[in-house]
Amino acid sequence: MDNILLKTGDITKEKVCAIVNAANSSLLGGGGVDGAIHRAGGPEILEACKKIRKEEYPHGLPTGECVVTNGGNLEAMHVIHTVGPIYNQCREKCAFLLASCYTNALNMAVELGCKNIAFPAISTGIYGYPKDEAAQIAYNVVKNYLKGKDEMEVHLVFHNNEDKELFMKTIQEK
Ligand code: AR6
């Protein structure tokens, strides 16, 4: 787990190549980490999202998929926007869809030539995914993805210490 860094704080402050946004399918902003990223990154990000909506996803970005914009005023060069599953709507597809968010964002970061990427705990806020279940999924995907990729570093950024500790406890239990 050398190249997985667990952090606490505000993901908008991360000095990495790409940060991941837990967006919604409209890509037009919202609350939680999405709101924080748009506030800190400024209007350039929203403009880029609007263009993507118009040109590529007129009906919205499907759950589990991702798109990239510039980072606006953020330290990060890129923002990878993904849409996590809404826990009380995703049924038997929840785990697959949440895992897809992580895998697709990691693939996109590699395509962008990034050597590091920061994730928030996708879906665990407004979208209601139980934090322990989400932790296990995120950890499995990232750990497997990083096998043989020594040059890549993944930051998992938790909003507070309690969430980080729950994550650590969950992955240690297995
Ligand atoms: N830095 C790091 N983590 C954060 C930050 C931050 N600045 N702010 C919140 N979190 P959420 P979701 C944590 O609700 O569940 C939006 O309205 C938070 O504590 O941001 O995927 C979108 O537009 C939680 O653990 O995302 C969608 O409509 C995690 O980030 C919807 O919310 C994710 O919480 C997406 O819901």
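Please read all numbers here as calculations on a predicted model, not as lab measurements.

A. A look at empty space enclosed by the protein. Here the structure, examined in full by the defined rule, presents 1 cavity of 30 Å³ or more. Of the voids in this model, the largest cavity is the one considered here, and its volume is about 140 Å³. Lining the largest cavity we find 17 residues, and of these Ala121, Lys131, Ala135, Phe158 and Phe167 sit closest to its centre. Every element with two or more residues in the lining of the largest cavity is listed here: α3 (94-111), α4 (131-146), β6 (153-158) and α5 (161-173). A per-element tally of the lining of the largest cavity places α4 first, with 4 residues. Residue composition of the lining of the largest cavity, grouped by class: 14 nonpolar, 1 polar and 2 charged.

B. Structural view of the state of the cysteines. Throughout the structure, instances matching the rule amount to 2 disulfides. Between the sulfur atoms of Cys17 and its disulfide mate Cys114 the distance is 2.0 Å. An S-S torsion of about -60° defines the bridge between Cys17 and Cys114 as left-handed. Taken together, the residues Cys17 in the loop between β1 (4-8) and β2 (18-23) and Cys114 in the loop between α3 and β5 (116-119) connect sequence positions 97 residues apart.

C. How the structure looks around α5. With 13 residues, α5 should reach 18 Å at 1.5 Å per residue; the first-to-last C-alpha distance of 18 Å fits that figure. All buried positions along α5 are accounted for by Asp163, Lys164, Phe167, Thr170 and Ile171. Within α5, the buried residues cover an arc of 125° as seen down the axis, which keeps them to one side. Every exposed residue of α5 that faces more than 90 degrees away from the buried side is listed here: Glu162, Gln172 and Glu173. Check the buried side of α5 and you find it contacts β1, α4 and β6. Taking the backbone nitrogen of Glu162 as reference, a side-chain oxygen 3.3 Å away marks Asn160 as the first, capping residue of α5.

D. Here's a closer look at the pairing of β2. Most of β2 sits inside the fold, with 5 of its 6 residues counted as buried. Where β2 meets strand β4 (residues 78-83), 6 bridges bridge the pair, whose relative direction is parallel. Looking across to β4, one finds that Val20 is bridged to Ile80.

E. Representation of the packing of α3 against α4 within the structure. Packing of α3 against α4 leaves a shortest axis separation of 9 Å and a crossing angle of 35°. Handedness of the crossing formed by α3 with α4: right-handed. Residue-level inspection shows Ala95, Leu98, Ala99, Tyr102, Thr103, Leu106, Asn107 and Val110 of α3 in contact with α4, the latter providing Ala134, Ile137, Ala138, Val141, Val142 and Tyr145. Of the residues that constitute the contact of α3 with α4, the class distribution is 12 nonpolar, 2 polar and no charged.

F. Spotlight on the site of the ligand. As a matter of local geometry, the ligand sits amid 20 residues, with Asn24, Gly31, Val33, Asp34 and Thr124 nearest to it. Take Val33: an N or O atom from its main chain is 2.7 Å from an oxygen atom of the ligand. In this structure, Thr124 approaches the ligand through a side-chain N or O atom, which is 2.8 Å from an oxygen atom. Within the complex, 91% of the 700 Å² of free accessible area of the ligand lies under protein. Among the cavities detected, the one that contains the ligand is the largest pocket. Looking at the shell around the ligand, the elements with two or more residues in it are β2 and α1 (32-41). Here the shell around the ligand takes 4 residues from α1, the largest share from any one element.

What counts, and at which threshold
Residues numbered from 1 in each chain as written. Predicted model: local features only at pLDDT ≥ 70, side-chain atom pairs only at ≥ 80, totals over all residues. Heavy atoms only, no water. 1 Å grid on protein atoms, 1.4 Å probe; cavity = no way out; pocket = protein on both sides within 12 Å on 5 of 7 lines; lining within 4 Å. Points joined across faces, edges and corners; volume = space filled by probe spheres on them. Helix = DSSP H or I, 4+ residues; strand = E, 2+ residues; numbered from the N terminus. Nonpolar A, V, L, I, M, F, W, Y, C, P; charged D, E, K, R; others polar. Disulfide = S-S within 2.5 Å. Expected span 1.5 Å × (residues − 1). Buried < 20%, exposed > 50% of the residue type's maximum accessible area, 1.4 Å probe, protein only. Arc of directions from axis to C-beta. Contact = heavy atoms within 4.5 Å. Polar contact = N/O pair within 3.5 Å; in protein donor to acceptor, adjacent residues only side chain to side chain. Pairing = 2+ DSSP bridges. Axes fitted to C-alpha atoms, helices over the stretch in contact; angles between N-to-C directions. Left-handed = near helix turned anticlockwise from the far one by under 90°. Near = heavy atom within 4 Å. Areas by Shrake-Rupley, 256 points an atom, 1.4 Å probe, with all protein chains shown as cover. Sits in = over half its atoms within 2 Å of the grid points.

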